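Fold and contact review
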Amino acid sequence: MEDDFESLKKYNFWDGNIPQLGFERETYTNSILEYTGNKLIKVLVGQRRVGKSYLLRQLANKLIKQGINAQNIFYLNKEFTDFDSISNYKDVEKLIAIYKSTIQPIGKIYLFIDEIQNIEGWEHFANSFSQNYVDEHELFISGSNSKMLSGELATLLSGRYVTFEIFPFSFNEFAHATGKEPNKLTYIEYMESGGLPELFILPNNQTKRNYISAIKDSVLLRDIIQRYSIKDPKLLEDIFVYLVNNASNLVSINNIVNFFKSNNRKTTYDTVSNYIEYIVDTFLVHKVERYDIKGKDIVLGNCKYYINDLAFKNYLYQGFSYGIGYKLENLVYLEILRSGFDVFTGALKNREIDFIAKKGNRVIYFQVTYILENESTIKREYTPLQNILDNYEKVVISLDDIVFPSNEGILHVQAWKLADFLKQ
């Protein structure tokens, strides 16, 4: 345990040390810091390699800049091999005890535990330290599985945590990080690459391909195959490939089962359903339910899936070609979700509405298309929105060079300006 503490020193802010902070993501850090100064556990969740570790360190650094003594910051990343010997919550408690006796911090201690799901019984540690009224602590944790706070754990921590979903870089973050103008050309470059933070510092496409492949393999192996003792790892990966190559399309579990059966692959509805659920839980893919606008209810059966980052498509599965419109729809979905909206795909009689976005009292209907190139395309995209008989916002998103005037109250927004529109 003493060796673990020695390793801990190089990752913490003690004695003037400043760990790597990466590109500052102020939208996240400012939002999370609004919830500090209390006993709420701050939980960061999201796919591996989207920057949760950097965000935790950025939060710690901001607290120090606000006047918190660096000695009062404790940071542990369970992903680092230096801490393989830390296997359960009691080991963490022993490590914190050594930290307290050696560093001797005075006052509240800020605990940052990265990839905490890798610590057996972590929920007991989180509950104990966040609610300790003798020694005051404030707890920030991260994890790569959406089921971290489900079931008994949610009951144990009921009302005592707040969750922040962390995404890959948005378009505006991409433009800022790469020093490029936030215009159409930069947006297309973003679309043809991806938003994973470390992608931008890699020298060529082959290195990027290897990097993305390693992330995919790591998530499937460590977060699914090992966690759930998957019996058919090849089927799991093939389902992921299917979801990537059918992103933005309406699909059903039966569609997928029949696809594999037509290729002489034996599987069942329950197996496919479970494997998809595991993939969604790791944030690799997002599931979007279908909503009946007239009946105001979820339509069971078909739904859509979107990739958490287009890099998986762009660098790993280019052979199955689909148009730029599908990639654009994927990016629009992620931007709406990133902006805090609940998102559904809409059904109205025999027509589809790409997205219904809801946040508080705000509801927006979206249609997404590559370009509004002619009267036929304009009619195809605007007519479904015109048929919605309510007064909520209606928007068409495209990559056109010009902004079209309002059409019967339906707005046109260029894709690279969507984030600004959603802030209105």
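Our subject is the structure that appears above.
Let me sum up the structure you'll find in this document.

1. Examining the pattern of salt bridges
Using the criterion set out here, one finds 28 salt bridges in the structure. Here E6 makes a salt bridge to K9, at a shortest N to O gap of 3.2 Å. One end of the pair, E6, and the other, K9, are both in helix 1 (residues 2-9), 3 residues apart, so they sit about a helical turn from each other. Looking at E6, the relative accessible area reads 46%, which means it is partly exposed. One network of salt bridges, in which partners are shared, links K42, K108, E136 and E138.

2. Quick look at the sheet that holds strand 5 (residues 161-165)
What the 5 strands build is an open sheet, ordered 2-3-4-1-5; its pairing is parallel. Sheet topology places strand 2 (73-77) and strand 5 at the edges, where each strand pairs with a single neighbour. Across the sheet, the axes of successive neighbouring strands diverge by a mean angle of 15 degrees, strand direction being ignored. Bridge count between strand 1 (residues 41-45) and strand 5: 5 bridges; the pairing is parallel. Its bridge partner being in strand 5, K42 is matched across the sheet by V162. Of the strands in this sheet, strand 1, strand 2, strand 3 (109-114) and strand 4 (137-143) touch helix 3 (residues 52-65), which is tilted by about 170 degrees from strand 3. Of the strands in this sheet, strand 1, strand 3 and strand 4 touch helix 5 (residues 122-130), which is tilted by about 155 degrees from strand 4.

3. With respect to the sheet that holds strand 11 (residues 362-368)
Here we have 8 strands laid out as an open sheet, ordered 6-8-7-9-10-11-12-13, and mixed in their pairing. Of all the strands in the sheet, just strand 6 (250-251) and strand 13 (411-414) have a single pairing partner and so form its edges. Two elements, strand 9 (residues 342-348) and strand 10 (residues 351-359), share 6 bridges in a ladder whose sense is antiparallel. Looking at the pairing, D342 lines up with K358 of strand 10. Sheet strands in contact with helix 15 (residues 375-386) are strand 9, strand 10, strand 11, strand 12 (393-398) and strand 13, and its direction is about 155 degrees off that of strand 11.

4. Observations regarding helix 10 (residues 233-245)
With 13 residues, helix 10 should reach 18 Å at 1.5 Å per residue; the first-to-last C-alpha distance of 19 Å fits that figure. The buried fraction of helix 10 amounts to 10 of the 13 residues, a majority that puts the element mostly inside the structure. When helix 10 is considered as a whole, its buried residues turn out to be L235, L236, D238, I239, F240, V241, Y242, L243, V244 and N245.

5. Section: the packing of aromatic side chains
Following the criterion strictly, the structure yields 26 aromatic pairs and no others. Taking the centre distance of 6.4 Å and the plane angle of 40 degrees together, the rings of Y242 and F260 count as tilted. Of this pair, Y242 sits in helix 10 while F260 is found in helix 11 (residues 253-262), placing the two residues 18 residues apart along the sequence. F260 matches Y242 in its accessibility class, with the two residues each being buried. Each ring, one from Y291 and one from F344, has its centre 5.7 Å from the other, and the planes form 45 degrees; the classification is tilted.

6. Brief notes about the nonpolar core
One finds F74, F112, I336 and F366 to be the most contacted residues of the largest nonpolar core, which totals 123 residues. Per-element accounting of this core gives the leading share, 8 residues, to helix 10. Setting aside residues no more than four positions away along its own chain, F112 makes contact with L56, L59, A60, L63, I73, F74, Y75, L76 and F140. I356, L372, I378 and Y382 belong to the second largest nonpolar core, which has 15 residues in total.

7. Describing the pairing of strand 12
The element strand 12 is extensively covered by neighbouring structure, given that 5 of its 6 residues are classed as buried. With helix 15 bridging strand 11 and its parallel neighbour strand 12, the resulting β-α-β unit is right-handed. Relative to strand 13, strand 12 runs parallel, the two sharing 4 bridges. Residue pairing in the sheet places S398 in a bridge with Q414 of strand 13.

8. A word on the pairing of strand 8 (residues 297-307)
Pairing of strand 6 with strand 8, which is carried by 2 bridges, proceeds in the antiparallel orientation. Bridge assignment links V251 to a residue of strand 8, and that residue is C303. Alignment of strand 7 (residues 285-292) against strand 8, held across 7 bridges, turns out to be antiparallel. Bridge pairing in strand 8 places D292 opposite D297. Hairpin connection between strand 7 and strand 8: a loop of 4 residues separates the two successive antiparallel strands, and K296 in this loop has a positive phi of roughly 55 degrees.

Conventions and cut-offs
- Residues numbered from 1 in each chain as written.
- Predicted model: local features only at pLDDT ≥ 70, side-chain atom pairs only at ≥ 80, totals over all residues.
- Heavy atoms only, no water.
- Salt bridge = Lys/Arg side-chain N within 4 Å of Asp/Glu carboxyl O.
- Helix = DSSP H or I, 4+ residues; strand = E, 2+ residues; numbered from the N terminus.
- Buried < 20%, exposed > 50% of the residue type's maximum accessible area, 1.4 Å probe, protein only.
- Pairing = 2+ DSSP bridges.
- Axes fitted to C-alpha atoms, helices over the stretch in contact; angles between N-to-C directions.
- Contact = heavy atoms within 4.5 Å.
- Expected span 1.5 Å × (residues − 1).
- Phe/Tyr/Trp six-rings, centres within 6.5 Å; stacked < 30°, edge-to-face > 60°.
- Core = buried A, V, L, I, M, F, W, Y, C linked by side-chain atoms within 4.5 Å.
- Right-handed = clockwise from strand over helix to strand, strands pointing away.

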